[in-house]
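Residues per chain, in single letters:
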Amino acid sequence: MSIHQQSNSIPVSENNTSSSESQSKPEDKQVEEKRLDFSNIEIPPKETLINEKGRNKTNVFCVRCPSKILNPRVSKFKNVEFSLPMMKQRRRTEIKEGSGEVEEQDAVKETINDFWEVNDIYTFENVGFTNTISGYKYLACADCEMGPIGYYDPDSKLSYVALTRVKYD
Ligand SMILES: [Zn+2]
């Protein structure tokens with residue numbers, strides 16, 4: 001089964017009478033375009049990853065090693081905006097108590113909008129957490145430490161895995 005994003009036919013009101021009084025801005029359109037910017041990512045279209053209940057259809061793996069992160073249907077697709085540092089394999093020496101701020105400063109970040117929301121950390125098959133950085137913990141592969149693949153919000157206790165930073169089967 002596939003999800004069709006095709007909307008029902010939207011009634012187009014053709015307004016030929018007034019030419020001077022159009023002040024409404026098409027703001028919805030801008031948001032829509034931003035969400036569809038997937039041009040340089042080689043993951044399958046997200047429609048094929050999400051089932052009819054808005055959950056992850058398939059297993060979710062680390063992009064770099066065979067470590068499994070999530071089983072099918074245990075997380076929910078969520079559209080939230082979060083700025084995540086670019087992925088890399090952490091060096092052991094960087095992981096020190098309270099050293100987060102330093103790392104945070106030189107991190108090049110990418111704004112990500114599509115996440116898998118996991119509402120219990122014990123739902124993960126395998127995952128690693130960093131120390132808290134600016135109020136959040138980053139998620140990384142538990143085996144090879146590739147990351148961040150997402151973040152954990154200690155206030156809500158929710159975890160978010162970026163759709164584009166994991167692999168599917
Ligand atoms: Zn890995």
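Residues numbered from 1 in each chain as written. Predicted model: local features only at pLDDT ≥ 70, side-chain atom pairs only at ≥ 80, totals over all residues. Heavy atoms only, no water.

### Details of the coordination of the zinc ion
To keep it simple, the criterion reads: Note that water is not among the atoms used; donors are N, O and S atoms within 2.8 Å of the metal (3.2 Å for Na, K and Ca), so sites may look incomplete. Every geometry call rests on angle ranges, with four donors termed tetrahedral when all angles are between 85 and 135 degrees, four termed square planar and six termed octahedral when opposite donors are over 155 degrees apart and all others are between 65 and 115, and everything else termed irregular. Relative accessibility decides the category of a residue: with a 1.4 Å probe and only protein chains considered, values under 20% of the type maximum give buried, values over 50% give exposed, and everything between is partly exposed.
Bound to the zinc ion are the protein donor atoms Cys62 (SG), Cys65 (SG), Cys141 (SG) and Cys144 (SG), situated 2.2 to 2.4 Å from the metal. Around the zinc ion sit 4 donor atoms; with metal-centred angles ranging over 102 to 117°, the donor geometry is tetrahedral. Mapping the donors of the zinc ion onto the primary sequence gives the spacing C-x2-C-x75-C-x2-C. Assigned by exposure class, Cys141 and Cys144 land together as buried.

### Structural notes on the confidence of the model for the protein
Convention followed: Confidence scores labelled pLDDT are given residue by residue by the predictor and lie between 0 and 100. Note on definitions: a residue-residue contact is assigned when non-hydrogen atoms from the two residues lie within 4.5 Å.
Across the protein, pLDDT averages 78, with 64% of residues at or above 70. Note on residues 1-26: pLDDT is under 50 here. Beyond four places in sequence and across chains, it has 7 contacts. This stretch, residues 28-41, has a pLDDT under 50; its non-local contacts, to residues over four places away or in other chains, come to 7 contacts.

### What about the pairing of strand β9 (residues 150-153)?
To keep things clear, this is the line we draw: Secondary structure follows DSSP: runs of H or I at least 4 residues long count as helices, runs of E at least 2 residues long count as strands, and numbering of each begins at the N terminus. We treat two strands as partners when DSSP finds at least two bridges between them.
Residues Gly150 and Tyr152 of β9 are buried on one face, and the alternating residues Tyr151 and Asp153, pointing to the opposite face, are buried as well. In this sheet, β9 lies alongside strand β7 (residues 137-140) in antiparallel orientation, the contact comprising 3 bridges. Its bridge partner lying in β9, Lys137 is registered against Tyr152. Pairing between β9 and strand β10 (residues 158-162): 4 bridges, direction antiparallel. Each residue of the ladder has a partner; that of Asp153, found in β10, is Leu158. Connecting the antiparallel pair β9 and β10 is a turn made up of 4 residues, with Lys157 showing a positive phi of about 65°.

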